[in-house]
Structures are given as C-alpha cells and as structure tokens.
Amino acid sequence: MDESILLVMVKQYADRFGITFSSAHLDDEDKKQRLVALMQEALSGKRGPITDADLEQ
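The text that follows walks through the structure, step by step, so that each part is easy to find. (Residues numbered from 1 in each chain as written. Predicted model: local features only at pLDDT ≥ 70, side-chain atom pairs only at ≥ 80, totals over all residues. Heavy atoms only, no water.)

1. Structural notes on the packing of aromatic side chains
To be explicit about the condition: Between the rings of Phe, Tyr and Trp (Trp by its six-membered ring), a pair exists once the centres lie within 6.5 Å; its type follows the angle of the planes, with under 30 degrees stacked, over 60 edge-to-face, and the other angles tilted. Where helices and strands are cited, they refer to DSSP runs of H or I of at least four residues and of E of at least two residues respectively, numbered from the N terminus. Between buried and exposed lies partly exposed: a residue is buried under 20% and exposed over 50% of the maximum accessible area for its type, with that area taken using a 1.4 Å probe on protein chains only.
Under the definition given, this model contains two aromatic pairs. When the centroid spacing of 4.9 Å and the interplanar angle of 35 degrees are considered together, the rings of Tyr13 and Phe17 count as tilted. Of this pair, Tyr13 and Phe17 are both found in helix α1 (residues 3–17), four residues apart, which corresponds to roughly one turn of the helix. Looking at Tyr13, the relative accessible area reads 0%, which means it is buried.

Given below as structure tokens:
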C-alpha cells in the first residue's frame, strides 16, 4: 500500500475515533495489513474503534 494513502487513512481514522491502537503495529507488515482492513471497516461503519487486542488475534 502506498504510504501516502495509509497516512490519509490513519488521519481519517484518528479524526473519527482518536488513536486507539499502538502505532508500532504499522511497522509489522502482517499487522499493518490487518490494521488497514480494520480501519476500512471502522471508517465504513461496519465496526467500532480498533484496539491493540484486535491486532493480536
């Protein structure tokens, strides 16, 4: 994923929910992919805020 798109998505998520997960997860490629999917779901209204526990599953 293009980093500029990721930054826009994180900003939109943060504006809506605040930051509710550790940004360190963005350094792990597998967790980053999971995080992107969860952010898309949250921004589309399919789920609530993301927590670190969501990324440990």
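2. Here's the deal with the pattern of salt bridges
The criterion, for reference: Salt bridge, as used here: a side-chain nitrogen of Lys or Arg that lies within 4 Å of a carboxyl oxygen of Asp or Glu.
Going through the model one piece at a time under the given rule, you end up with five salt bridges. Asp15 is paired through a salt bridge with Lys11; the nearest N and O atoms lie 2.9 Å apart. Placement of both Asp15 and Lys11 in helix α1 is noted, with a separation of four residues, approximately one turn of the helix. In this structure, Asp54 engages Arg47 in a salt bridge whose closest nitrogen and oxygen atoms are separated by 2.8 Å. Residue class for Asp54 comes out buried when judged on its relative accessible area of 14%. Under the relative-accessibility criterion, Arg47 is labelled partly exposed at 23%.

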